[in-house]
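What follows is the residue order along each chain.
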Amino acid sequence: MKSVKEQIDLNRLPKHIAVIMDGNGRWAKSKGASRIFGHQNGVKSVKETVEACAEIGVEYLTLYAFSTENWNRPAEEVQALMELLIKTIFDETPTLNKNNIRLLAIGDIKSLPAKCQEQLASAMKETSKNTRLSLVLALSYSSKWEIMNAIKQIAQDAKDGKLAPEQINEVIFENHLSTAGMPHPELMIRTSGEHRISNFLLWQLAYAEFYFTDVMWPDFRREDLYKAIISYQQRERRFGKTGEQVKQPN
Ligand code: FPP
């Protein structure tokens, strides 16, 4: 009997996996603990997922760590999340380097507390030459924010005469997104039984396969990641074509 890991076809891995890490608060509440305890325990799941992706050969992993909307949470929780981010990034940078993992960030990084921006900038610099896996943290991120930002930049370029409106195409638009240069995620995982996209990578997930699990993020382990990849590999990705066309592309 093959283990879950052995059931993965390493030749057909998604290049980019995106994850909505959900359920920290409910997980903690079910244990009679504070929401912050849930986030603290979510860090172990982050580490396992990053390690597992690097080990099997996934090239990009994007984690939705803090959304634009998360700023509306109680100030105490926001502060605790920022402190946890700073601490985790600081603690884990040597491990990222040891494992040849590059850290990137997408989102409105300038809106983060100065200490968080500094920690992030220093970790990104220190890991910038690494090539095995790119770990992308979505921080103060929302897709609508990102798309509005791209539109404003393109409109400015048009106004400045650098670009004619009829030249605007998908490539130009994508180059103004914070994910410019990255492949689109083929697989999006959301934990905790919620079936929503929550303003995450709306453009980039156009053809992604979605995988939902009832597992709460602090309980998410590498086997859960493997199961999501196996489910992805069992699906037929048609990109608008018929099943017959996909099987016989010529
Ligand atoms: C969603 O659960 C989780 C978050 C908003 C934060 C995720 C952050 C971490 C796992 C901490 C560290 C991360 C990194 C990348 C170092 P929720 O609070 O919305 O849970 P609920 O839906 O049960 O309330």
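Here, the structure is the one placed above.
Each chain has its residues counted from 1, running along the sequence as written. Local features in a predicted model are, by the rule used here, given only for residues with pLDDT of at least 70; side-chain atom pairs are given and counted only at 80 or more, and totals for whole chains, interfaces and linings are based on all residues. Note that water and hydrogens are dropped before the side-chain values are worked out from all heavy atoms of the structure.

J.: What's the story with the packing of helix α2 (residues 35–56) against helix α7 (residues 222–233) in this structure? I'm lost.
T.: Angle between the axes and distance between the axes: these two values describe a pair of packed helices. Angular values range over 0 to 180 degrees, each being the angle between N-to-C directions of two axes fitted as lines to C-alpha atoms, with helices fitted over their stretch in contact. The numbering of helices and of strands both runs from the N terminus, where a helix is a DSSP run of H or I of at least 4 residues and a strand a run of E of at least 2. At their nearest, the axes of α2 and α7 sit 9 Å apart, and the two run at 50 degrees to each other. By the criterion of interaxial angle, the relationship of α2 to α7 is oblique. Relative to α7, the crossing made by α2 is right-handed. In this structure, α2 contributes E48, T49, E51, A52, C53, E55 and I56 to the contact, and α7 contributes R222, L225, Y226 and I229. Here the residues of the contact of α2 with α7 are counted per class, giving six nonpolar, one polar and four charged. Roughly parallel refers to an angle under 35 degrees, roughly antiparallel to one over 145, roughly perpendicular to one between 65 and 115, and oblique to any angle outside these ranges. For any helix crossing, the convention is left-handed if the near helix is rotated counterclockwise from the far helix by under a right angle, and right-handed if that rotation is clockwise. Whether two residues are in contact is decided by their heavy atoms, any of which lying within 4.5 Å being enough. All residues other than Ala, Val, Leu, Ile, Met, Phe, Trp, Tyr, Cys, Pro, Asp, Glu, Lys and Arg, Gly among them, are scored as polar; the first ten of these are nonpolar and the last four charged.

J.: I would appreciate a short explanation of the sheet that holds strand β6 (residues 209–212) in the present structure.
T.: Neighbouring strands of a sheet are bound in pairs by backbone hydrogen bonds; such pairs are parallel or else antiparallel. Any two strands are treated as partners once DSSP identifies two or more bridges connecting them. What the six strands build is an open sheet, ordered β3-β4-β2-β1-β5-β6; its pairing is parallel. On the outer flanks of this sheet lie β3 (101–106) and β6, each paired with one strand and no other. If you compare each strand with its neighbour and ignore which way they point, the axes differ by 20 degrees on average. One ladder, built from four bridges, connects strand β5 (residues 187–190) with β6; its direction is parallel. The partner of I189 across the bridge, within β6, is Y211. In the packing of helix α4 (residues 114–126) onto the sheet, the strands contacted are β3 and β4 (133–141), and the crossing angle to β3 comes to about 140 degrees. Against the sheet, α7 contacts β1 (16–20), β5 and β6, and its axis sits at roughly 135 degrees relative to β5.

J.: Just checking my understanding: could you explain the pairing of β3 for this structure?
T.: As paired strands, β3 and β4 are joined by six bridges and run parallel to one another. Residue pairing for β4: R102 is matched across the bridge by S134. When the strands point away from the viewer and the connection leading from the first strand across the helix to the second strand turns clockwise, the crossover is called right-handed. After leaving β3, the chain enters α4 and then returns to the sheet as β4, a path that is left-handed.

J.: Just to check I follow, could you spell out unusual backbone geometry for this structure?
T.: Keep in mind that most residues, glycine aside, have a negative phi and that most peptide bonds are trans. Even without a glycine there, the phi angle at N100 is positive, about 60 degrees. Secondary-structure assignment places N100 in the loop between α3 (75–98) and β3. Phi is positive for S192, close to 80 degrees, though the residue is something other than glycine. Assignment of secondary structure puts S192 in the loop between β5 and β6.

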